[in-house]
Amino acid sequence: VQLQASGGGLVQPGGSLRLSCAASGSFFVINDMGWYRQAPGNQRELVAGISRRGATNYTDSVKGRFTISRDGGKNTVTVYLVMNNLKPEDTASYYCYAEVMARRYWGQGTLVTVSS
């Protein structure tokens, strides 16, 4: 399973970004997908997750501002993270993941910088 993330960049406080992560390869079912982030000097934290059936969960600091979704079909699934009202404390490298048959796969990080 290969994961390709995109969509990071520099944005001013209050701005928006959309991250995408495309999963491809030979698999039957992708279960949970989601996003973690890691800021310099901090531990990696779960930002948002979404199950195969669409159930979502968010860390408290992003509730009401971030929205996770997914779509796709056979052998290709994409997870999105729409981030609104971004704050400087959202600055981090964002990593997507996908779980297939109890194994977690990771995408490369995409950097989000929120600064004026």
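Attention in this report is confined to the structure presented alongside it. All values derive from a computational prediction rather than experimental measurement.

We now examine the pairing of strand E10 (residues 103–106). For strand E9 (residues 92–100) and E10, the ladder comprises 4 bridges, and the chain directions are antiparallel. What sits directly across from tyrosine 97, in E10, is tryptophan 106. Connecting the antiparallel pair E9 and E10 is a turn made up of 2 residues, with methionine 101 showing a positive phi of about 50 degrees.

Below, the discussion takes up the pattern of salt bridges. With the rule as written, the count across this model stands at 5 salt bridges. When the shortest N-O distance is used, the salt bridge between aspartate 90 and arginine 37 registers 3.0 Å. Remark: arginine 37 occurs in strand E4 (residues 33–38) and aspartate 90 occurs in the loop between strand E8 (76–83) and E9; sequence separation between them is 53 residues. A residue is classified by how much of its surface remains accessible, and aspartate 90, at 1% relative accessible area, is buried. Residue aspartate 60 is joined to lysine 63 by a salt bridge in which the shortest nitrogen-to-oxygen separation is 3.0 Å. Through salt bridges that share partners, Arg37, Glu45, Arg65 and Asp90 make up one connected network.

About the thresholds
- Residues numbered from 1 in each chain as written.
- Predicted model: local features only at pLDDT ≥ 70, side-chain atom pairs only at ≥ 80, totals over all residues.
- Heavy atoms only, no water.
- Pairing = 2+ DSSP bridges.
- Helix = DSSP H or I, 4+ residues; strand = E, 2+ residues; numbered from the N terminus.
- Salt bridge = Lys/Arg side-chain N within 4 Å of Asp/Glu carboxyl O.
- Buried < 20%, exposed > 50% of the residue type's maximum accessible area, 1.4 Å probe, protein only.

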